[in-house]
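# Descriptive analysis of the structure
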Amino acid sequence: MLAVQQLEAGYGESIILRGVSLKVKPGQVVCLLGRNGVGKTTLMKSIMGVLKARRGAVTYDGADLTKAAPARRAKRGIGYVPQGREVFSQLTVYENILVGLEASREKSSGIPPEAIEKFPVLPSMYERRGGDLSGGQQQQLAFARALASKPELLLLDEPCEGIQPSIVDDIRDVIRSIKQDGKTAILLVEQSLDFVRSVGDYFYILDKGAVAWEGELDWLSDEVVRKYLTV
Amino acid sequence: MAIYITQLFNGLSVSSILLLIALGLAITFGLMNVINMAHGELIMIGAYATYVTQNMFKSALPASMFDYYYILAIPVSFAIAFLFGWLLELSLIRHLYGRPLDSLLATWGVGLALQQLARSIFGAPNVGVTSPSWLDGGLTIMEGVVLPYKRLFIIALVIICLLAMYFYIYRSRAGRNMRAVMQNRDMAACLGISTRRVDAVTFAIGSGIAGIAGCALTLLGPIGPSLGTYYIVDAFMVVVLGGVGKLVGTLLGALGIGMTNTLFEYWTNASLGKVLVFVCIVAFLQWRPRGFVAMRTRSLD
């Protein structure tokens, strides 16, 4: 479904990604691992189109999206929960989710129930501003906002960063239920190996801007972890 | 008593004019952070659009219809200024986002060019716009207190513009997308909003409202190519004093400046009054640099 080929990208003069290739198949949960600064978030941004690729290609469902604007990628069915959540702080919770509907490919009038049923706490906060929520609540809001357009591929960039354990469990349940539905593939950046092992199908390890290791999640051995992930 | 009511009404009237000329800028400068020095010229364009509408009514329609030209002139001046704003955004502003100094210089240049264009088309001297006869005279509420219909009309026009803008920005889907883009451009794009189109429409709407302001100014006196330069400083003052990014702030800013201006001018004289208003604004901004209404949330801390 999503294929990234020999992607090179970076900020200004510095190049972060040096030829990354990866694939996500429909319904699969693919985890992206690696130490800090190896380019995981940069890769997510380039897939979404926030960062322009210097070389290489991003294809999705057979269409070349390498030069497409982020809005077009969103409308093709890629949802994005960025690092730091990026909730619209001056918009209400309800408005935040409504903005998420902009990428929707079907003409629906309201927020689809499956986007919020996983976050029962959100409807009680509809009138509050996004910026007034706590970090964990904002993360749930960012999820609901991304799910509102019923994406076929969900990019999750460190969804559990700086969040209390009980909400981490909630988020794990949400990812599992998305996986069970089988309609949405997930590309997940995550530091916690426990979390990755409990939800993932396949993994890629990035190191120095390139894929250093990949495989089925069962093959993620202690030796690989020691070599590429421990500090 | 009569004097107080007159002064209060004068204050309200000045405030309403200030608000009308600043509303468009509240969008282009307040929301989009474009230092648009051509804002005054967009006002001028609206004023000349009214002038042209008047002339067309004079030449094409029977005299009995003439009084209704003004009703048509309001949407016409909005549309023409909207169009100019749209073109300006497409051709110039688009390339200057995030570069305040460049956009300041460039829009100033555009302003000069537009003034010269008006001079070439309509001539350098001021032209008069005949107000419709139903706006002549005034409302006598007590002995010695007459509220001119023109001033009342402008106040009503401002209220309508303000309400329309409020509903557009805070209640409509387009307005929601606009606020999303202005707050977090990248994220809004990632959710499927075409930020380019939102930018163009937003700037054009701000320009269109400047056009309506120009239309209203024709009621107060003759208009000329440099009409906008008289108002541009006041417009920026209102938006900065009110606090960038909020409609309520602009309303408070206009009321604050309009009321104190009238008050000081009544106590002293016209020029000293203006100086005192400026002193007050400077002092106020020392105390609260972000203006009356500052945005504060957890995420901005």
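Small disclaimer: the values here were computed from a predicted structure and weren't measured.

### Here's the deal with the sheet that holds strand β4 (residues 55-60) of chain A
Residues and elements named next belong to chain A. Taken in spatial order, the four strands of this open sheet run β2-β1-β4-β5, and their pairing is antiparallel. For this open sheet the edge positions go to β2 (14-24) and β5 (63-64), each flanked by a neighbour on one side alone. When strand β1 (residues 2-11) meets β4, the two strands line up antiparallel, connected through five bridges. By the bridge assignment, Gln5 is partnered in β4 with Ala57.

### Looking at unusual backbone geometry
Residues and elements named next belong to chain A. Unlike most non-glycine residues, Glu86 shows phi in positive territory, near 55 degrees. Among the structural elements, Glu86 can be located in the loop between β6 (78-81) and α3 (93-100). Look at Glu158: it is not a glycine, yet its phi comes out positive at around 45 degrees. Among the secondary structure elements, Glu158 is positioned in the loop between β7 (153-157) and α6 (165-181). With a relative accessible area of 10%, Glu158 lands in the buried category.

### Describing the interface of chain A and chain B
The partner chain B presents 24 residues to the 25 residues of chain A that form the contact. Inspection of the chain A/chain B interface yields two salt bridges. Arg179(B) is the partner of Glu95(A) in a salt bridge, and the nearest nitrogen-oxygen pair spans 2.7 Å. Viewed at the interface, chain B and chain A are joined by nine residue pairs in polar contact (both at pLDDT 80 or more). Elements supplying a minimum of two residues to the side of chain A that touches chain B: α2 (70-76) and α3 of chain A. Here the residues of the side of chain A that touches chain B sort into 13 nonpolar, five polar and seven charged.

### A look at the environment of Leu227(B)
Residues and elements named next belong to chain B. Residue position: Leu227 is located in helix α9 (residues 227-242). Under the relative-accessibility criterion, Leu227 is labelled buried at 8%. Remark: the alpha-carbon pair of Leu227 and Ile3, spanning 224 residues in sequence, is separated by 31 Å. Residues in contact with Leu227, not counting those within four places in the same chain, are Ile43, Met44, Ala47 and Leu217.

### Observations concerning the packing of aromatic side chains
All names here are of chain B. Evaluation of the coordinates by the stated rule reveals 20 aromatic pairs over all chains. What links up through ring pairs into an aromatic cluster is the set Phe57, Phe66, Tyr69, Tyr70, Trp134 and Phe153. Across from the ring centre of Trp287, 6.0 Å away, lies the NZ or CZ of Arg288, which sits over that ring.

### Thoughts on the layout of surface pockets
What the second largest pocket holds in volume is close to 550 Å³. Lining the second largest pocket are 22 residues, and of these Leu101(A), Glu102(A), Arg173(B), Asn177(B) and Arg197(B) lie nearest its centre. Put simply, the parts of the chain that give the lining of the second largest pocket at least two residues each are α6 (173-183) and α8 (195-217) of chain B. Of all the elements, α6(B) adds the most residues to the lining of the second largest pocket, at five residues. For the lining of the second largest pocket, the class distribution of residues is eight nonpolar, seven polar and seven charged.

### Comments concerning the pattern of salt bridges
Proximity of charged atoms lets side chains of opposite charge pair with each other. Residues and elements named next belong to chain A. A complete count under the given rule lists 12 salt bridges over all chains for this structure. Across the pair Arg105 and Glu152 runs a salt bridge, and its minimum N-O distance is 3.4 Å. In this pair, Arg105 is assigned in the loop between α3 and α4 (113-116) and Glu152 in the loop between α5 (135-147) and β7, connecting sequence segments 47 residues apart. When its relative accessible area of 28% is taken as the criterion, Glu152 is described as partly exposed. Between Asp169 and Arg172 there is a salt bridge; the shortest N-O distance is 3.6 Å. With Asp169 and Arg172 both in helix α6, this residue pair falls three residues apart, about one helical turn. Judged by its relative accessible area of 37%, Asp169 falls in the partly exposed class. On the basis of relative accessible area, Arg172 is assigned to the buried category, the value being 18%.

What counts, and where the lines are drawn
Residues numbered from 1 in each chain as written. Chains lettered and ligands numbered in written order. Predicted model: local features only at pLDDT ≥ 70, side-chain atom pairs only at ≥ 80, totals over all residues. Heavy atoms only, no water. Pairing = 2+ DSSP bridges. Helix = DSSP H or I, 4+ residues; strand = E, 2+ residues; numbered from the N terminus. Buried < 20%, exposed > 50% of the residue type's maximum accessible area, 1.4 Å probe, protein only. Contact = heavy atoms within 4.5 Å. Salt bridge = Lys/Arg side-chain N within 4 Å of Asp/Glu carboxyl O. Polar contact = N/O pair within 3.5 Å; in protein donor to acceptor, adjacent residues only side chain to side chain. Nonpolar A, V, L, I, M, F, W, Y, C, P; charged D, E, K, R; others polar. Phe/Tyr/Trp six-rings, centres within 6.5 Å; stacked < 30°, edge-to-face > 60°. Lys NZ or Arg CZ within 6 Å of the ring centre and 35° of its normal. 1 Å grid on protein atoms, 1.4 Å probe; cavity = no way out; pocket = protein on both sides within 12 Å on 5 of 7 lines; lining within 4 Å. Points joined across faces, edges and corners; volume = space filled by probe spheres on them.

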